[in-house]
Amino acid sequence: MGEGSDGFSAAERAAMKQRSAELRATTGVKGAARKAKEYQACLDAIDALGGLDRAIAERFHVVVSEEDPHLDAKTWYGFPSYARDGKVVTFVQPASKFGTRYATIGFTEEALLDDGPMWATSFAVVEWTDAVEARLRDLVRRAAG
């Protein structure tokens, strides 16, 4: 995937187009109807994934739903994401999205993971295990505050 004249790869440009479409899809939709539409978009994004990406996204969806049911499921640049007050806190970046060798679970600055002068905000996931799930459950609890 080469870069275009704007410095973005084709995959990055596609992600930006997805984000624009996400915003258009909820323009004028408010309240419960908006949350329902965003929730369905998240489920659709997960369903569109294959293999390990899908397994990770499905399990992470369960983790977030159980650990912090106040986070709203939605999509963000096409990624299954979870937001507080409209701001994304955590998301799954599938390996297939940018042709990387592993999916990542990312946390934005809205996540309350601050831990001294430096902390991780992205975690590579190459296999879903009980230990991975336990670690992600802890991170989601901490991110929620």
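Residues numbered from 1 in each chain as written. Predicted model: local features only at pLDDT ≥ 70, side-chain atom pairs only at ≥ 80, totals over all residues. Heavy atoms only, no water.

Visitor: Looking at this structure, I do not really get the sheet that holds strand β1 (residues 72-76). What am I missing?
Guide: Two strands in a sheet stick together by hydrogen bonds in their backbones, pointing the same way (parallel) or opposite ways (antiparallel). Taking strand neighbours across the sheet as the criterion, the five strands line up as β1-β2-β3-β4-β5 in an open arrangement whose pairing is antiparallel. Strand pairing shows two members of the sheet lacking a second neighbour, β1 and β5 (122-125), which therefore form its edges. Direction aside, the axes of adjacent strands within the sheet are offset by 25 degrees on average. Across four bridges, strand β2 (residues 79-84) lies against strand β3 (residues 87-93) in antiparallel orientation. When the bridges of β3 are listed, Y82 appears paired with T90. The strands touched by helix α2 (residues 31-47) are β1 and β2; relative to β1, the strand with the most contacts, the crossing angle is about 60 degrees. Taken strand by strand, helix α5 (residues 130-144) contacts β2, β3, β4 (103-107) and β5, and its axis lies near 25 degrees from that of β4. (Pairing = 2+ DSSP bridges. Helix = DSSP H or I, 4+ residues; strand = E, 2+ residues; numbered from the N terminus. Axes fitted to C-alpha atoms, helices over the stretch in contact; angles between N-to-C directions. Contact = heavy atoms within 4.5 Å.)

Visitor: Sorry, what's going on with α2 here?
Guide: Because an α-helix completes one turn every 3.6 residues, residues spaced three or four positions apart along the sequence face the same direction. Taking 1.5 Å of rise per residue, the 17 residues of α2 would be expected to cover 24 Å, and the 25 Å separating its terminal C-alpha atoms lies within 8% of that figure. Buried within α2 are the following residues: E38, C42, A45 and I46. Around the axis of α2, the buried residues are gathered within 100 degrees of arc, so they sit on the same side. (Expected span 1.5 Å × (residues − 1). Buried < 20%, exposed > 50% of the residue type's maximum accessible area, 1.4 Å probe, protein only. Arc of directions from axis to C-beta.)

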